[in-house]
Protein chains: 2
Amino acid sequence: MSQLNRQVRLKARPADIPKAEHFEIVENPVPVLADGEILVRNQYLSVEPAMRGWVSAVANYSTPVGIGEVMRAFAAGEVVASRHQGFAEGDKVTGLFGWQDFAVVGAQAVTRKVAEADLPLSLALGVLGLNGVTAYFGLLAVGEPRPGDTVVVSTAAGSVGSAVGQIARLSGCRTVGIAGGAAKVAQCLEQFGFDAAIDYKATDDLDAAIAAACPDGVDVYFDNTAGRISDAVTKHLGLRARVVICGTASVSSWDSWPSGPRVERHLLVKRARIQGFLVFDYQARYEEAVKRLAQWVREGRLTYAEDILDGIDKAPGAIDGLYRGDNRGKRLIRLHG
Amino acid sequence: MSQLNRQVRLKARPADIPKAEHFEIVENPVPVLADGEILVRNQYLSVEPAMRGWVSAVANYSTPVGIGEVMRAFAAGEVVASRHQGFAEGDKVTGLFGWQDFAVVGAQAVTRKVAEADLPLSLALGVLGLNGVTAYFGLLAVGEPRPGDTVVVSTAAGSVGSAVGQIARLSGCRTVGIAGGAAKVAQCLEQFGFDAAIDYKATDDLDAAIAAACPDGVDVYFDNTAGRISDAVTKHLGLRARVVICGTASVSSWDSWPSGPRVERHLLVKRARIQGFLVFDYQARYEEAVKRLAQWVREGRLTYAEDILDGIDKAPGAIDGLYRGDNRGKRLIRLHG
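All figures in this text were calculated on a predicted structure; none of them were measured in a lab. (Residues numbered from 1 in each chain as written. Chains lettered and ligands numbered in written order. Predicted model: local features only at pLDDT ≥ 70, side-chain atom pairs only at ≥ 80, totals over all residues.)

**Student:** Is there a simple way to think about the overall build of chain A in this case?
**Tutor:** Helix and strand counts for chain A come out as nine helices and 16 strands. Against the globule reference of 20 Å for 337 residues, chain A gives a C-alpha radius of gyration of 20 Å, in line with a compact fold. Based on the C-alpha atoms only, the size of chain A along its principal axes is roughly 60 × 45 × 35 Å. A total of 337 residues make up chain A; the buried ones form 50% of that total. Pairs at least 24 apart in sequence give 65% of the contacts found in chain A among residues at least 6 apart. (Helix = DSSP H or I, 4+ residues; strand = E, 2+ residues; numbered from the N terminus. Rg over C-alpha atoms; globule rule 2.2 N^0.38 Å. Buried ≥ 20, exposed ≤ 12 C-beta atoms within 10 Å, placed from the backbone. Contact = placed C-beta atoms within 7 Å.)

**Student:** For this particular structure, what's the right way to read the relation of the copies chain A and chain B?
**Tutor:** One copy of the chain maps onto the other through a rotation about an axis followed by a shift along the same axis. Take chain A, turn it by 180°, move it 0.0 Å along the axis, and it overlays chain B with an RMSD of 0.1 Å. Such values leave the two copies arranged in the relation of a two-fold axis. When the interface residues of chain A are mapped onto chain B, 97% of them are again interface residues, pointing to one common binding face. (Least-squares fit on C-alpha atoms with pLDDT ≥ 70 in both.)

**Student:** Quick question: what am I supposed to make of the interface of chain A and chain B here?
**Tutor:** By a widely used convention, the size of an interface equals the accessible area lost when the partners come together. Across the contact, 29 residues belong to chain A and 28 residues belong to chain B. Going through the elements one at a time, β13 (259–261), α7 (264–270) and β14 (273–276) of chain A are the ones with two or more residues in the side of chain A that touches chain B. Top contributing element to the side of chain A that touches chain B by residue count: α7(A), with six residues. Of the residues assigned to the side of chain A that touches chain B, the class counts are 15 nonpolar, seven polar and seven charged. (Nonpolar A, V, L, I, M, F, W, Y, C, P; charged D, E, K, R; others polar.)

**Student:** Would you explain unusual backbone geometry in this entry?
**Tutor:** Outside of glycine, negative phi angles account for most residues, and trans bonds account for most peptide bonds. Located in the positive-phi region is A:Glu144, a residue other than glycine, with phi close to 45°. By the secondary structure assignment, A:Glu144 is in the loop between α2 (130–143) and β8 (150–154). Residue A:Glu144 is classed as partly exposed on the basis of its C-beta count, with 16 C-beta atoms lying within 10 Å. Positioned with a positive phi, B:Ala226 is a non-glycine residue whose angle comes to about 60°.

**Student:** Explain the sheet that holds strand β12 (residues 237–245) of chain A here, please?
**Tutor:** Two orientations exist for strands paired in a sheet by backbone hydrogen bonds: parallel and antiparallel. Judged by pairing direction, the sheet is mixed, and its twelve strands sit side by side in the order β10(A)-β9(A)-β8(A)-β11(A)-β12(A)-β14(A)-β14(B)-β12(B)-β11(B)-β8(B)-β9(B)-β10(B) without closing on themselves. Bordering the open sheet on either side are β10 (196–199) of chain A together with β10 (196–199) of chain B, each of which pairs with just one other strand. Neighbouring strand axes in the sheet, compared pairwise and without regard to direction, differ in orientation by 15° on average. Where strand β11 (residues 218–223) of chain B and strand β12 (residues 237–245) of chain B come together, five bridges link them in parallel fashion. Bridge pairing in β12(B) places B:Val218 opposite B:Leu237. (Pairing = 2+ DSSP bridges. Axes fitted to C-alpha atoms, helices over the stretch in contact; angles between N-to-C directions.)

**Student:** Got a minute to help me understand the packing of helix α2 (residues 130–143) of chain B against helix α3 (residues 159–170) of chain B in this structure?
**Tutor:** Residue and element names in this part refer to chain B. Close contact between α2 and α3 brings their axes to 8 Å; oriented N to C, the two are set at 50°. With respect to α3, the axis of α2 lies oblique. The crossing of α2 and α3 is right-handed. Judged by residue contacts, Asn131, Gly132, Thr134, Ala135, Tyr136, Gly138, Leu139 and Leu140 of α2 engage Ser159, Val160, Ala163, Val164, Ile167 and Ala168 from α3. For the contact of α2 with α3, the per-class residue count stands at nine nonpolar, five polar and no charged. (Parallel < 35°, antiparallel > 145°, perpendicular 65-115°, else oblique. Left-handed = near helix turned anticlockwise from the far one by under 90°.)

**Student:** Looking at this structure, how should I read the pairing of strand β5 (residues 92–96) of chain A?
**Tutor:** Here is the key point about a regular strand: its side chains alternate between the two faces of the sheet. All names here are of chain A. Here five bridges tie strand β4 (residues 74–82) to β5, and the two strands are oriented antiparallel to one another. In the sheet register, Glu78 faces β5, and the bridge partner there is Lys92. When β5 meets strand β7 (residues 110–113), the two strands line up antiparallel, connected through three bridges. Across the sheet, residue Val93 finds its bridge partner in β7, namely Lys113.

**Student:** Which parts of the structure should I look at to understand the nonpolar core?
**Tutor:** Within soluble globular proteins, side chains that are nonpolar generally end up buried alongside one another. With 196 residues, the main nonpolar core has A:Leu293 and B:Leu293 as its most contacted residues. Not counting residues up to four positions away in its chain, the partners in contact with B:Leu293 are B:Val127, B:Leu128, B:Gly132, B:Tyr136 and B:Leu302. (Core = buried A, V, L, I, M, F, W, Y, C linked by C-beta atoms within 7 Å.)

**Student:** For this particular structure, what's the right way to read the domain arrangement of chain A?
**Tutor:** Residues and elements named next belong to chain A. Entries for chain A in the domain assignment read domain 1 (4–126 + 305–334) and domain 2 (130–280). A separation of 28 Å is found between the C-alpha centroids of domain 1 and domain 2. The interface of domain 1 with domain 2 comprises twelve residues on the first partner and 16 residues on the second. Residues belonging to the side of domain 1 that touches domain 2 are distributed by class as follows: seven nonpolar, three polar and two charged. (Domains from an automatic or database assignment.)

**Student:** What is the right way to look at the environment of B:Gly95 in this model?
**Tutor:** Residue and element names in this part refer to chain B. On the secondary structure map, Gly95 appears in strand β5 (residues 92–96). On the neighbour-count criterion, Gly95 (21 C-beta atoms within 10 Å) is buried. Every residue in contact with Gly95, bar those within four places of it in the chain, is listed here: Phe74, Val105, Ala109, Val110 and Thr111.

**Student:** What's the story with the environment of B:Ile178 in this structure? I'm lost.
**Tutor:** Residue and element names in this part refer to chain B. Position of Ile178 relative to the elements: it lies in strand β9 (residues 174–179). Through-space distance from the C-alpha of Ile178 to that of Cys188 is 8.6 Å; in sequence the pair is ten residues apart. When sequence neighbours within four positions are dropped, the list of residues in contact with Ile178 reads Val152, Val153, Ser154, Ala156, Ile198, Tyr200 and Ile229.

**Student:** Help me understand helix α4 (residues 182–190) of chain A, please; the structure alone is not making it clear to me.
**Tutor:** Side chains of residues three or four places apart in an α-helix project in the same direction, reflecting 3.6 residues per turn. Residues and elements named next belong to chain A. What α4 keeps buried is the set Lys184, Val185, Gln187 and Cys188. Angularly, the buried residues of α4 cover 160° about the axis, an arc narrow enough to put them on a single face. Along α4, exposed side chains directed more than 90 degrees from the buried face belong to Ala182 and Glu190. Turning to α4, the residues buried within the fold contact β9 (174–179) and β10. (Arc of directions from axis to C-beta.)

**Student:** How should I be thinking about the packing of helix α5 (residues 206–213) of chain B against helix α6 (residues 227–234) of chain B in this particular structure?
**Tutor:** All names here are of chain B. At a closest axis distance of 9 Å, the pairing of α5 and α6 adopts a crossing angle of 45°. Judged on the interaxial angle alone, α6 and α5 are oblique. In this structure, α5 meets α6 at a crossing whose hand is right-handed. Residues Leu206, Asp207 and Ile210 of α5 pack against Ile229, Ala232 and Val233 of α6. Of the residues that constitute the contact of α5 with α6, the class distribution is five nonpolar, no polar and one charged.

If you want it as C-alpha cells, here you go:
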C-alpha cells in the first residue's frame, strides 16, 4: 500500500467563508512514529460551520490555523500503528486528526476511542460526536428545558439542530424548527419530529410565523445563526426564557461587530437570559452524553442525516457548500470504504 | 389637623422621561376606612428611575399608571388608623402608597412593617428598601460574584449601584464603578469604597478606561444603563462573565428597539451570559435581604447617600432631575419631620 499522505492545507486566509481556493492538497510521506504517538488512518473527515472561525484571524476561542498548516478537523479512523500503551492497532478513534489520510498524533489529540462497534463509525463525527454532544449539553445544561416548554431551534435540519429538536422532544417539550427551504422543513417535520417548522426563506413575515408557531411564547431558543432569524425569535421570548448561543452562521464577519436590535429592555422585562456556549467546556462529561445519545439511536428515538462526499478532493469546497445550505445532514468526507 | 390629602396625579402620558408638567397636585378629603384597610400617613415618598417605565404605555412588567391616577410610588410612613388585625396604630410601614399624604390601603399594598426601629425610617425606601434589595439579589443571585472577581457597576454612585459595589466588596471582589462627573467618582472612591471609578462624562475613550481599570477582564457587569457604557464594558467581558440587566436608564425610548452592537459572537467566544432581572421576583426572600443589609449598615460596612427634597410640590419634577443626574444619593420627598 502506498504510504503517501494527502493533506489539505490552508493556503490563504479567507476574509469570510473559506472556499476551495483557500486550500491546497499536497502529498507527503507518512511521518515516522515517536514514542507515545499513534498512527491513525482516517476514514471520515468532518466538515463543519465552525471551521470558518478556526481559520479566521479575528480573536476567537481557538488560535487560528496557520497558513501552510493542515486544516484543523475532527476525523474518525483506525489506529494502524501504536507506540502508546493506551492504544492498540485496530482501535477505532476520533479526534483532531486534520484533513488528511494519516495522522501521527499523541493521546491528547484523541477525543475518544469509539466504543459503539454496533453503530457506523461515521456517527462518531455526527450524532455521537461533536454535533450530538453540542446539542446535548447546549440544550440540557444551558437551555435548561422543562416539560411543556416551547423550544425553538434555528438551522433545525442541521446536524446540531436536528439533535437539539429531538432531545427537546425527549425532554417533554414542544419543538419548533426554523430552516431554509421546503425540503429541510419537510425533513424537520417528518424525520426529526418537530411539532412545527418554519421555512424562513419562504416567509415574508418571520415575526408573524413565529408568533403563530409559538402561541405561548418561546421558553428556550437554541440558536446557530444570529442575524434576522434571532431578532425575530427574540421578540417572542417568554418569561424567564433561555437563549443558547451555539453558532452565528448568518453573520458573515465579526471583524467589527455588526449592529442589531438592542435586547436589554426586553431581557429585563422578560427576565430572560442569553448565554454563549462552547462544547469544549464539557469535555470532562463527553462520555455521559455519547452513552445516552448512542442508546437513543439504538432505540430509534434519535435519528440523523448524513451528507457524505467521497474523496479528499471534495474537502476544500465543502465548507462553502455548508453555508450555501447544499447539505442534507452532517457533511462528511469519506476517504475509503 | 387638616385631613386634606394632597395627591400627585398623572395628568398626561410622557413620551419619554416624566417631567413636572405631566403631573398635577390635587387636594382631596382623606377617604373613610373600610374593613380590612389601614390609613397610612406617609413621611417619605420615593423617587426612582423605574417610574419612567411605570408611566410608559409601552409593554412592560407592570400595567401603566392611568391618566388621572395617583402616581404609583413606594412610600414609608406610619399607620394612623387600622381596621386590619395585622396592623396597629403606630406601626411603621413601607409599601406602594403612592405620591400622596395619606393612603388608604389593604394589606397587599404593604411591602413590610419596618422592624429596624434603631435606623432612620427613610432607609426603608433606599438601602433597606427596593434599592438595597435590588442590589442584593441582582448581584448575588444573578451576577453570582466569586471572590477575586472584577465587578463593574454602572450608575455606581446611585442608590442601587453604590450598594452593589459595596456588597461585591463584601463578597471578596474587586469593584470598578462607572459614574458621571467628578463628584460622583469621588463619592464612589471615598464613600462607597470602589477600587477604581471611571467618569464616563470626562472620558473620550471609555473602552481604554475600562481596559485599564479591568486588566483581567470583567467577570460581573451590573448594568443600570444600556447604551454606550454597556457597549464599552461588554467588549471587556472575561470568560464566563455574567451581565445583570437591572435598568436601561441611558436609552430614552424602547417604543421601537434601538440598534446597538450585536453581542452573539462575543457571548459565544466568552461563554458569557446576559440576564434580565426584576427585584419583584424575589419578594418571598425580601426579609432575608433586609436583615443582612440592616446588619451591614449597623456595622458600618454598608453606607448610603440620600438626596432629600422637602415638600410634595417637589415630587412632579423629581424624576426628570434623576435622569439629569442632579441627585447625590437616593432621592426622596419628605412630607413632614
